[in-house]
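# Notes for the structure review
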Amino acid sequence: MNYRFQFGVVWDNFPELLEGAWLTFQLGCFAFAGGALIGLFCATVKTYAPWPFRLLVDTYVVFITNTPALIQIYFLYFGLPEVGLRWSNEACLLIGLTLNAGAYLTLILRAGFLSVRVTEIEAGQTLGMSLIQQVRYIIVPHIAKSIYPALANFFIVVLVMGTSVGALIGVDELTGQAINLSTVNYRWLEYFTVVAAMYVVLTFIASIGLALLGRWAFRVKARIF
Amino acid sequence: MPHLAVSDVRAKYGALEVLKGISFEIQKGEIAALVGPSGSGKSTVLRALMGLTPITGGAVEIAGEAMNYSSAREVRAARDRMAIVFQQYNLFQNMTVMQNLTLAPLKIKKWDKAEVTSEARRLLGLVGLSDKADAYSDQLSGGQQQRVALARALALKPQILLLDEVTSALDPELVNEVLDAIRKLADEGMTMVIVSHEMAFVREVADKVVFMDNGQIIEAGTPAAIFDEPKTDRARDFFSKILRH
Ligand SMILES: Nc1ncnc2c1ncn2[C@@H]1O[C@H](COP(=O)(O)OP(=O)(O)OP(=O)(O)O)[C@@H](O)[C@H]1O
Ligand SMILES: [Mg+2]
């Protein structure tokens, strides 16, 4: 092998990569948080609502989970202007990722709903809790605890795999930024080596953040390493 | 006027009628104990009173007021007046003992915070757990958790407390601490309907024993009358089996 790595150029453009990483981080967090809200809502509907609503949720979940995220985002990117909506690339990506995450999180959270013991729900009901209060005080804490690993894994999937789709619609998140920069000076290997390391650091930070959040809010005994 | 009057209450699970006309009443401050073989419908009576199992016939009155379980609002009215503690303690896992006690009074009833907190402290004292206010449920023994569940039910100031085999999931050495807490409630004049297999305890605290079998009341009376001189063969059979050992 006689390729000579030259990291100097990467270093010169490091601030731009950092900007990309920051955007990736924000996109990942917002898409996951938004997806979690959608998922929680849909899982509640799946558990308690009459069948037409359940059917609606099923349709959404089946449609999203059986098509690639890229296609969904292209749909928003190319489709929305046709109906007169001009959204930025970032907005298309974020909405697409959020809707995508929402469908998967519906499935993950639904499993959590099913694992709540009926007696716990009944204890809440007899204390006079409304449906929303049962979800908030009994089901969500239970889910956070029992399926925390599944949630944490999925967060990383959104953060790393989901956001990098942005590169294909011209969003300058970490992967997009790396492609932009390396097309200028052809230092592909250098850029992608550094970017890979940055993704690792990013997921690391995200995992710690999530574990701390879980511990603080739900007393999840999450292992950080 | 009886504090709780249950008359001809019926309930079904699907096509199976599990309560076939249950009638009994208790005065304020009295304790009724429901006893009988497994599957006789004891839990269902308590669940029906709390609106967890729908009532298909009959009537329930609390302090002269008719309870009607036909709408969510009416069910809530029943739940305002009664509280239940189950065999499994079902504490909120991610909350401290104190938060478990104060959640419903503060967030659901919207009562005054200072009053709720001081009442919660009093109740923790009553069940002997003053030092555990800040503990989480997984840091407590089963008996302690069940006593917290008892205090949590009382924090809503129910007029009637329903207890469904609250000691049967506990290790034997933890049973007494829970029974002691119930004794104290009895001394405070709490009106209670309890389901229990602890016959010695029932004999000690109950004013009235209701013997059920197959969804019906077979015999009811004072503990002495029911335990020592049962009039029916079924009751005699049942007590001779379980009082032997
Ligand atoms: N969720 C349910 N679905 C269908 N049948 C039920 C259900 N719960 C209870 N039953 C039936 O109703 C009858 C009464 O049950 P219940 O739980 O009230 O009995 P119990 O007297 O409390 O018994 P145990 O002493 O075992 O707790 C039983 O025949 C039982 O099989
Ligand atoms: Mg029972």
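Up top is the structure.
Residues numbered from 1 in each chain as written. Chains lettered and ligands numbered in written order. Predicted model: local features only at pLDDT ≥ 70, side-chain atom pairs only at ≥ 80, totals over all residues.

## Focus on the sheet that holds strand 2 (residues 16-26) of chain B
Backbone hydrogen bonds hold the strands of a sheet together, and the pairing may be parallel or antiparallel. Residue and element names in this part refer to chain B. Pairing within the open sheet is antiparallel, and its four strands lie in the order 2-1-4-5. Looking at which strands have only one partner, the edges of the open sheet turn out to be strand 2 and strand 5 (65-67). Mean inter-strand twist for the sheet, computed between neighbouring axes without regard to direction, equals 20°. Strand direction decides the pairing type here: strand 1 (residues 4-13) and strand 2, joined by eight bridges, are antiparallel. (Pairing = 2+ DSSP bridges. Helix = DSSP H or I, 4+ residues; strand = E, 2+ residues; numbered from the N terminus. Axes fitted to C-alpha atoms, helices over the stretch in contact; angles between N-to-C directions.)

## Description of the nonpolar core
The biggest cluster of nonpolar side chains holds 124 residues, and the ones touching the most others in it are Ala33(B) and Leu162(B). Looking at this core element by element, the count peaks at eleven residues for helix 5 (residues 89-114) of chain A. The residues touching Ala33(B), leaving out its near neighbours within four places in the chain, are Ile194(B), Ser196(B), Val202(B), Ala206(B), Val209(B) and Val210(B). Val10(A), Leu174(A), Ala178(A) and Tyr191(A) belong to the second largest nonpolar core, which has six residues in total. (Core = buried A, V, L, I, M, F, W, Y, C linked by C-beta atoms within 7 Å. Buried ≥ 20, exposed ≤ 12 C-beta atoms within 10 Å, placed from the backbone. Contact = placed C-beta atoms within 7 Å.)

## Some remarks on the interface of chain A and chain B
The interface of chain A with chain B comprises 16 residues on the first partner and 19 residues on the second. With six residues, the top contributor of residues to the side of chain A that touches chain B is helix 6 (residues 118-126) of chain A. Its residues assigned to classes, the side of chain A that touches chain B shows seven nonpolar, five polar and four charged. (Nonpolar A, V, L, I, M, F, W, Y, C, P; charged D, E, K, R; others polar.)

## Focus: the packing of helix 8 (residues 148-164) of chain A against helix 10 (residues 188-218) of chain A
Residue and element names in this part refer to chain A. At a closest axis distance of 10 Å, the pairing of helix 8 and helix 10 adopts a crossing angle of 145°. In this structure, helix 8 crosses over helix 10, and the sense of that crossing is right-handed. Packed against helix 8, whose contacting residues are Tyr148, Ala152, Phe155, Ile156, Leu159 and Val160, the element helix 10 presents Tyr199, Leu202, Thr203, Ala206, Ser207, Leu210 and Gly214 at the interface. By residue class, the composition of the contact of helix 8 with helix 10 is ten nonpolar, three polar and no charged. (Left-handed = near helix turned anticlockwise from the far one by under 90°.)

Read these as layout, nothing more, since geometry by itself doesn't imply function.
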